Amino acid sequence: MNRRWMIAIGAVLAVAVIGVGTFNFVASKTEAVEGPAITLSADETDPEAFKLLYPAHYDSWAKTAEMHEPVLKYGSSEKKKSRLDQFPYMRTLWAGYGFSKEYNEARGHMYTLDDTLGGNGTEGTLRINEKTNLTCMYCKSAEVPGLIAQMGDAFFNTKLLEGDNQELFKHPISCSDCHNPTTMELRITRPALIEAMARIGKPVEKATRQEMRSLVCAQCHVEYFFNPNDANKVYFPWDKGFEPEDMYAYYEELGFSDWTHPQTGGGMLKAQHPEFEMFQGSVHQRAGLSCADCHMPYMTQGNTKISSHWLTSPFRTFEQSCTQCHKESFEEMGARVLHTQDRVKEALDRAGTANEAAILAIEKAIQAGVDEETLNKARALHREAQFYWDLASAENSFGFHNPQKFLETIADSIDLARQAELLVTQAMNGK
C-alpha cells in the first residue's frame, strides 16, 4: 500500500472517530428514553407512565415527598403544621367558615390527594363535609380535566362524599396537568384559566413558551371562586385586573360572598393562594422571568441537563435558581429575603389583629343596638379589609414575590379595619 492510500485511510478513520465522539457528546446532553419506544395515550394521567420516558424528571418531581423543614424560616413543610396555632386570630377572622376548623402549611404536589381525602397514613382535611362538591378537587388531582370533559357542568355540582366519588381521583397533581402526554408540550388543562385569559384579551393559545412557563402554574396558584351565576364553575376574578382592589371591585360588582360572618353578619370573601397575581408587576416579572425560571431551574444530573421538577423554594436550588442573575452569596441573599419576609410577617400580624378588633367591635355594636346603616358601613369596611389581609396571608411567599405590593395591600387592610372599628366605636359612644 502506497503512502497516499495510507494517508487517505487514516483521514477516513479520524473522521469516523470524531463523528462517533461528537454523537456521544450530543447524546449525553439529551435524556435517554429507558426501555422500548413508548407512546403515551392522550388521556394518560399516571405519573409512573411518564417515568418510563423521563426518569430524571420524574425523580426530581418525586423529591416533593421528601421530609424537610423551611430552607430559611418561612414556607412549606413535609409535616402537617397548623397555621391556626401559629396565628390564633385566624379563628376569629374565619369564624363560621371551614378554614376556622383547619388550616395547615402548604405541602408539595405529591400530597394534594392525601391531605384532602386522606391516605398513606395522613388524615384528610376537616374542611370537607356533605355539602362539598367535586369542585374542591379542581387542583388536587390529575383526573380532574378528564372528569370535567366527561361530566360537563355536572362536575361542579356533584357531591364529593356521595357514593364512591372519592375513588374518581387516583393521582395527585403531576405530569399530565402541565404536559400533553403525546407530545410533552406545555398545555393548559384547567378551563378556568383559559376562560379568564380570554376575557381579558390574552388568549392562552397565543402565549409564548416563556409565558407558558408561568401560565401552567397559574392554573392553580391563583385566587378563584365558585361562580353561582354559572353552574358553580371555577372562575378567576381578573376581569378588572390583577391588583387586589381590581379583584375586590369585581366581587363587589358581582355581589359575591363566600360566607356570612356569624359575629358581624357581614358577607365575607375567602382568598385562596394568589401567587400569580402577586407576581404581576414584580421586579422578577418585569425582567421577563417565569415561575419555572426560579422554581424549576435547569440542572445537570450526570451528563443530562433537565428542568428540575422538584417545585420547591429557589433557595433549595440556590446555585441554579439565583446565581444565574445574582452574584451575592447564599448568606447575603438569604439575609435580604428574610428581612423582607420578617417585615411582611410583622405587618400581616398587625393586619390580622386589626381585623379581629374590627370584628369584635362590630359584634359589640350589634349588641348595643347601633343603627343598621352604621353597621352596614362598618361591615363593608371590614369585608374589604379582611380580603386584602387574606390575599397577602394566603399567598405562599411571605412577601418575596412582590414586597411592595404585599406591604401596600397589608397597609390598606389595616387602615380599613381601623376605620370600621372607629366607626362603630364612635357610634356606641354617641359621637
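Residues numbered from 1 in each chain as written. Predicted model: local features only at pLDDT ≥ 70, side-chain atom pairs only at ≥ 80, totals over all residues. Heavy atoms only, no water.

Under an unreviewed UniProt entry, the protein has the name nitrite reductase (cytochrome; ammonia-forming) and belongs to Symbiobacterium terraclitae. Per UniProt, the comment on the protein under Sequence similarities (unreviewed entry) is "Belongs to the cytochrome c-552 family." (UniProt positions renumbered as here; feature names shortened; annotations may be inferred.)

(A) Here's a closer look at the nonpolar core. Of all hydrophobic cores here, the largest spans 79 residues; its most connected members are Phe-169, Phe-236, Trp-238 and Phe-387. Sort the elements by how many residues they give to this core and helix H15 (residues 330-368) lands first, with ten residues. Aside from chain neighbours lying at most four places away, what touches Phe-387 is Glu-223, Pro-244, Met-247, Tyr-248, Tyr-251, Leu-269 and Ala-271. (Core = buried A, V, L, I, M, F, W, Y, C linked by side-chain atoms within 4.5 Å. Buried < 20%, exposed > 50% of the residue type's maximum accessible area, 1.4 Å probe, protein only. Helix = DSSP H or I, 4+ residues; strand = E, 2+ residues; numbered from the N terminus. Contact = heavy atoms within 4.5 Å.)

(B) Summary view of the state of the cysteines. Here the structure, examined in full by the defined rule, presents one disulfide. In this model, Cys-139 is linked to Cys-220 through a disulfide, with the two sulfur atoms separated by 2.1 Å. The sign of the -90° torsion about the S-S bond sets the Cys-139-Cys-220 disulfide as left-handed. With Cys-139 in the loop between helix H6 (112-117) and helix H7 (144-151) and Cys-220 in the loop between helix H9 (209-215) and strand E1 (225-227), this residue pair connects regions lying 81 residues apart in the sequence. Note on Cys-220: relative accessible area 16%, which makes it buried. (Disulfide = S-S within 2.5 Å.)

(C) Spatial organisation of a negative patch on the surface. A cluster of like negative charges, contributed by Glu-245, Glu-408, Asp-412 and Asp-415, occupies part of the molecular surface. Examining the composition of the negative patch, we find that three residues originate from one element, helix H17 (residues 403-428), more than from any other. (Patch = residues over 30% accessible without salt bridge, like charges linked within 9 Å, V, L, I, M, F, W, Y side chains within 5 Å. Areas by Shrake-Rupley, 256 points an atom, 1.4 Å probe, with all protein chains shown as cover. Salt bridge = Lys/Arg side-chain N within 4 Å of Asp/Glu carboxyl O. Lys, Arg positive; Asp, Glu negative; His and termini not counted. Charge placed at Lys NZ, Arg CZ, Asp CG, Glu CD.)

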